[in-house]
Amino acid sequence: GSINGAAEQLNLTQPALSRTLSDLEDKLGARVMDRSRSGVALTEAGELFLRYASASVAALEQGLVQVSLVQRGDRQAVTVGALPNVSARVLPEAVAAFRQANPEVLVRVLDGSNRQLTQLLRLGEADFVVGRLAAPDDMLGLAFEPLFSEELAAVVRPGHPAIAAPTPEALAAILSEVPQILPTRGTIIREDAEQMIHATGARPSDSVIETVSVAFCRSFVQISDAVWFTARGVVEPDIESGFVVPLPLATGATRGWVGITTRRGYPLSRQAEKLRETLKALPEK
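Draft legend 1. Geometry of the overall build of the protein. Scanning the protein from N- to C-terminus turns up 11 helices and 12 strands. The buried share among the 285 residues of the protein stands at 44%. Considering only intrachain contacts with a sequence separation of at least 6, the fraction spanning at least 24 residues in the protein is 72%. When the accessible surface of the protein is split by element, carbon and sulfur atoms take 55% of a total near 15,100 Å². Each charge sign in the protein was given a centre, from 28 positive and 33 negative side chains, and these centres are 5 Å apart.

Right, dumping it as structure tokens:
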């Protein structure tokens, strides 16, 4: 928020920090900070450079940690960010196979939205992320390797009135009235879900719940007439067991790639590379 505050935290003088900032701006050929009486704030160029600078520092720190672990003989770890669609079906199988071959390696699985996980990836807090391809703005400095494609699904509890709708018009009317559980705004999967709703002739419900919590959605659909719009991989096991029932909606236009996102230009650790290869070797879903 201020040059003085940053200088104190870095144990530098204010003039020294100002010179360093000026040198950085000269090298970039762009202003990275807007200065005003109220303090300083990142410019658009500063925000962009920060993403790459953070990734560089995180990669260096990760390298130091890995070397230290090897020298001390400590247990090494792989940290994976996983979206709900792969946490439910793909990743458990891969981790089981990886752990069988590498029992000494600790595996950490982080969950969250695509945007949250890609940010953790940039900061070096995740080795890679498995899930749907993120929006273009969120892929700056990142690389995506596709594994398979999947569609969305709209599911309800057994006995839901929409299951017995006699016509597409009747189904659209029901969808317009009941609660709709949708992914959070700003995600590609949210846009796909809204398009699927519009394609049925339904309108957005007055009762919308936004969440990426699978545990909440599984419980809520059982105690309500809500329709849950989500990636097919999230609910495939529940569909197979009869816990939820898919509605007969056109989903072809919602098909999107699921794959592995990594930091461009930063090699994976040996353990993370092994888990990535295990994921790629799984039978296509």
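After that view, the rundown keeps rolling.
Draft legend 2. Structural view of the pattern of salt bridges. In total, this model carries 20 salt bridges according to the counting rule given. Taking the shortest distance from any N to any O, the salt bridge between Glu25 and Arg35 comes out at 3.5 Å. Taken together, the positions of Glu25 in helix 2 (residues 14-28) and Arg35 in strand 1 (residues 33-36) put the pair 10 residues apart, joining distant regions of the chain. For Glu25, a relative accessible area of 12% gives the class buried. Of the charged contacts in the structure, one is a salt bridge between Glu151 and Arg255, with a shortest N-O distance of 3.2 Å. Pair noted here: Glu151 is in the loop between strand 6 (142-150) and strand 7 (152-156) and Arg255 is in the loop between strand 11 (245-246) and strand 12 (256-263), with a separation of 104 residues, a long-range link. Exposure remark for Glu151: the relative accessible area of 22% places this residue in the partly exposed category. Salt bridges sharing common partners tie together Glu145, Glu273, Arg276, Glu277 and Lys280.

Draft legend 3. Geometry of the sheet that holds strand 10 (residues 227-231). Taking strand neighbours across the sheet as the criterion, the five strands line up as 9-8-10-7-11 in an open arrangement whose pairing is mixed. This sheet does not close on itself; its edge strands, each paired only once, are strand 9 (208-210) and strand 11. Across two bridges, the pairing between strand 8 (residues 180-182) and strand 10 is parallel. Note on strand 10: the bridge partner recorded for Gln180 is Val227. In this fold helix 8 (residues 188-199) packs onto strand 7, strand 8, strand 9 and strand 10, with an angle of close to 65° to the strand it touches most, strand 7. Strands in contact with helix 9 (residues 214-222) are strand 8, strand 9 and strand 10; relative to strand 10, the strand with the most contacts, it is inclined by about 150°.

Draft legend 4. Looking closely at the pairing of strand 12. Burial runs high along strand 12: seven of the eight residues are buried. Two strands pair when backbone bridges link them, and strand 5 (residues 128-132) and strand 12 are joined in this way by four bridges, in the antiparallel orientation. Within strand 12, the position partnered with Gly131 by the bridge is Gly259. Here strand 6 pairs with strand 12 via eight bridges, running antiparallel. Bridging across to strand 12, Ala143 finds its partner in Thr262.

Draft legend 5. Representation of the nonpolar core within the structure. Counting 32 residues, the largest nonpolar core has Val227, Trp228, Phe229, Leu247 and Leu249 as its most contacted members. When residues of this core are traced back to their parent elements, those giving at least two are strand 7, helix 7 (168-177), strand 8, helix 8, helix 9, strand 10 and helix 10 (232-241). When residues of this core are assigned to their parent elements, the largest contribution, five residues, is made by strand 7. When sequence neighbours within four positions are dropped, the list of residues in contact with Phe229 reads Ala153, Ala154, Gln180, Ile181, Leu182, Pro183, Ala193, Met196, Ile197 and Leu249. Within the second largest apolar cluster, 21 residues are counted, among which are Val78, Ala94, Leu147 and Phe148.

Draft legend 6. Examining the packing of aromatic side chains more closely. Tallying each qualifying case throughout the model produces one aromatic pair. Judged by centre distance (5.3 Å) and plane angle (15°), the ring pair of Phe216 and Phe220 falls under stacked. Residue Phe216 and its partner Phe220 are located together in helix 9, separated by four residues, close to a single helical turn. Just above the ring of Phe243 sits the side chain of Arg218; from NZ or CZ to the centre is 4.4 Å.

Parameters and conventions
Residues numbered from 1 in each chain as written. Predicted model: local features only at pLDDT ≥ 70, side-chain atom pairs only at ≥ 80, totals over all residues. Heavy atoms only, no water. Helix = DSSP H or I, 4+ residues; strand = E, 2+ residues; numbered from the N terminus. Buried < 20%, exposed > 50% of the residue type's maximum accessible area, 1.4 Å probe, protein only. Contact = heavy atoms within 4.5 Å. Areas by Shrake-Rupley, 256 points an atom, 1.4 Å probe, with all protein chains shown as cover. Lys, Arg positive; Asp, Glu negative; His and termini not counted. Charge placed at Lys NZ, Arg CZ, Asp CG, Glu CD. Salt bridge = Lys/Arg side-chain N within 4 Å of Asp/Glu carboxyl O. Pairing = 2+ DSSP bridges. Axes fitted to C-alpha atoms, helices over the stretch in contact; angles between N-to-C directions. Core = buried A, V, L, I, M, F, W, Y, C linked by side-chain atoms within 4.5 Å. Phe/Tyr/Trp six-rings, centres within 6.5 Å; stacked < 30°, edge-to-face > 60°. Lys NZ or Arg CZ within 6 Å of the ring centre and 35° of its normal.

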